[in-house]
Amino acid sequence: GAVVSQHPSWVICKSGTSVKIECRSLDFQATTMFWYRQFPKQSLMLMATSNEGSKATYEQGVEKDKFLINHASLTLSTLTVTSAHPEDSSFYICSVLAGGPGETQYFGPGTRLLVL
Amino acid sequence: LAKTTQPISMDSYEGQEVNITCSHNNIATNDYITWYQQFPSQGPRFIIQGYKTKVTNEVASLFIPADRKSSTLSLPRVSLSDTAVYYCLVGDPGGYQKVTFGTGTKLQVIP
C-alpha cells in the first residue's frame with residue numbers, strides 16, 4: 001500500500017497562533033487526500049477532502065477559513081490551523097486515496113496538536 | 001454512505017482466534033468492505049478489504065455472506081500486540097471513496 005508521512009508528529013503552540021501540518025505521499029501520486037480529526041477515545045471524523053490542483057471540499061461544520069488546506073502537488077497536502085484555540089487540540093490524521101478495485105485509503109501516522 | 005455497526009469492545013485470551021462482526025445493512029452494490037487497525041496515537045493501518053465471499057491475507061481473513069449485509073474479520077491466534085481498535089468501513093470506490101468511521105471495536109487481548 002501507499003506510504004504516507006506527516007510532519008510534525010506533534011506540536012505545541014500558543015493560543016492565537018497558526019500551525020501547519022504536512023502530509024506527504026512517499027510512493028504514490030495522490031490526486032485525492034483526506035484530513036481527519038480524532039479526539040481522545042473517539043473515532044476519526046472526516047474534516048475535508050483535498051484534491052490536487054483544486055479547492056478542498058469541507059465537511060459540514062468544519063470552518064474552511066480556519067482549517068486551510070492546500071494540495072499543490074500529487075505528493076503533498078498541507079493543513080493549516082489558523083488562530084488556533086485550545087479546543088482545536090486534537091490528533092490530526094491524513095490519508096491518501098490509492099488505487100486498486102476498492103480504492104483503499106492509506107493513513108499517515110498522525111499529528112498531535114496541543115494548543116495552550 | 002453505508003452505516004456500520006460493530007461491538008464496542010471485545011476481550012480475548014492470547015492464542016485464541018478472534019472474530020469481529022460488522023453490520024452494514026444498507027451496503028450499496030458498488031461498496032467495498034475495508035477493515036483497519038488503530039493503535040493509540042497512530043494512524044489507522046489497512047488490514048484487509050473485500051467485496052464478497054472470503055478474502056485472506058497474511059494477517060487476517062474476511063468473511064462476507066452472499067447478502068453482504070455483514071462481514072466478519074477473523075484474526076487467528078491473537079497476541080498482546082493485537083490489542084487495538086478495529087474499524088469496519090464500507091465505501092464506494094468509484095474513484096472517490098469517502099467513508100465514515102464508526103465507533104470501532106476495542107479488542108483487548110489478555111495474557
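A brief look at the structure comes next. (Residues numbered from 1 in each chain as written. Chains lettered and ligands numbered in written order. Predicted model: local features only at pLDDT ≥ 70, side-chain atom pairs only at ≥ 80, totals over all residues. Heavy atoms only, no water.)

1. Points about the side chain of aspartate 88 of chain A
Heads up, the rule is: Secondary structure elements are taken from DSSP: a helix is a run of H or I of four residues or more, a strand is a run of E of two residues or more, and numbering for both begins at the N terminus. We call two residues in contact whenever any of their non-hydrogen atoms come within 4.5 Å of each other.
Here aspartate 88 of chain A lies in the loop between β8 (76-81) and β9 (90-97). Ignoring any residue separated from it by four or fewer positions in sequence, one finds aspartate 88 of chain A in contact with Lys66, Phe67, Val81, Ser83, Leu113 and Val115 of chain A.

2. Quick word on the sheet that holds strand β1 (residues 9-13) of chain B
All names here are of chain B. Heads up, the condition is: For two strands to be treated as a pair, DSSP must find no fewer than two bridges joining them. Lines fitted to the C-alpha atoms define the axes, with helices restricted to the stretch that makes contact. Angles between their N-to-C directions range from 0 to 180 degrees.
Pairing within the open sheet is mixed, and its five strands lie in the order β1-β9-β8-β3-β4. Bordering the open sheet on either side are β1 and β4 (45-50), each of which pairs with just one other strand. Each strand axis lies, on average, 25 degrees off the axis of its neighbour in the sheet, ignoring direction. Across seven bridges, strand β3 (residues 32-38) lies against strand β8 (residues 84-91) in antiparallel orientation. Pairing of isoleucine 33 across the sheet is with valine 90, part of β8.

3. Details of the sheet that holds strand β2 (residues 18-23) of chain B
All names here are of chain B. An order of β2-β7-β6-β5 is seen for the four strands of this open sheet, with the pairing classed as antiparallel. In the strand order of this sheet, the two ends are held by β2 and β5 (53-56), each with one partner. Across the sheet, the mean angle separating the axes of adjacent strands is 15 degrees when strand polarity is ignored.

4. Structural notes on the pairing of β2 of chain B
Residues and elements named next belong to chain B. Let me state the cut-off plainly: Working definition: with a 1.4 Å probe on protein chains only, accessible area under 20% of the residue-type maximum means buried, over 50% means exposed, and in between means partly exposed.
Burial along β2 is one-sided: Val18, Ile20 and Cys22 are buried, while Asn19, Thr21 and Ser23, pointing the other way, are not. By the bridge criterion, six bridges tie β2 to strand β7 (residues 70-75) in an arrangement that is antiparallel. Paired with serine 23 across the two strands is serine 70, which belongs to β7.

5. Considerations on a nonpolar patch on the surface
Residues and elements named next belong to chain A. Basically, it comes down to this: Two distance rules govern patches: like charges are joined within 9 Å, and nonpolar side chains (Val, Leu, Ile, Met, Phe, Trp, Tyr) within 5 Å, applied only to residues with over 30% relative accessible area and no salt bridge. Every accessible area reported is derived by Shrake-Rupley at a probe size of 1.4 Å, with residue values counting cover from the shown protein chains alone. By convention in these notes, a salt bridge is any Lys or Arg side-chain nitrogen within 4 Å of a carboxyl oxygen on Asp or Glu.
A cluster of nonpolar side chains, Trp10, Ile12, Leu114 and Leu116, forms an exposed patch at the surface whose accessible area comes to about 450 Å². Structurally, the position occupied by leucine 114 is in strand β11 (residues 111-115). For leucine 114, a relative accessible area of 38% translates into the label partly exposed.

6. Focus: unusual backbone geometry
The omega torsion across histidine 7 of chain A and proline 8 of chain A is 0 degrees, close enough to zero to call that bond cis. Residue lysine 41 of chain A is not a glycine yet carries a positive backbone phi of 60 degrees. Structurally, lysine 41 of chain A is set in the loop between β4 (32-38) and β5 (45-51). Judged by relative accessible area, which is 89%, lysine 41 of chain A ranks as exposed. In this structure, arginine 77 of chain B takes a positive phi of about 45 degrees despite not being glycine. Tracing the backbone shows arginine 77 of chain B in the loop between β7 and β8. A residue is classified by how much of its surface remains accessible, and arginine 77 of chain B, at 64% relative accessible area, is exposed.

7. Structural notes on the state of the cysteines
Each disulfide is one covalent bond, formed between the sulfur atoms of two cysteines. The cut-off we apply is this: Any cysteine sulfur atom paired with another within 2.5 Å is treated as part of a disulfide.
Applying the stated criterion to the full structure yields two disulfides over all chains. Paired by a disulfide, cysteine 23 of chain A and cysteine 94 of chain A hold their sulfur atoms 2.0 Å apart. Around the S-S axis, the bridge from cysteine 23 of chain A to cysteine 94 of chain A shows a dihedral of about 80 degrees and counts as right-handed. Placement of cysteine 23 of chain A in strand β3 (residues 19-25) and of cysteine 94 of chain A in strand β9 is noted, with a sequence separation of 71 residues between them. Of the two residues examined, cysteine 23 of chain A and cysteine 94 of chain A, each falls in the buried class. One disulfide in the model links cysteine 22 of chain B with cysteine 88 of chain B; its S-S distance is 2.2 Å. One disulfide, between cysteine 22 of chain B and cysteine 88 of chain B, carries an S-S torsion of -75 degrees and so falls in the left-handed class. Of the two residues, cysteine 22 of chain B is situated in strand β2 and cysteine 88 of chain B in strand β8; the sequence distance between them amounts to 66 residues.

8. Re the pattern of salt bridges
Residues and elements named next belong to chain A. In total, this model carries two salt bridges over all chains according to the counting rule given. A salt bridge links glutamate 22 to arginine 24; its shortest N-O distance comes to 3.5 Å. Taking the relative accessible area as the measure of exposure, arginine 24 reaches 35% and is therefore partly exposed. Here lysine 66 makes a salt bridge to aspartate 88, at a shortest N to O gap of 2.8 Å. Of this pair, lysine 66 sits in the loop between β6 (57-58) and β7 (67-73) while aspartate 88 is found in the loop between β8 and β9, placing the two residues 22 residues apart along the sequence. The same class applies to lysine 66 and to aspartate 88, which are both buried.

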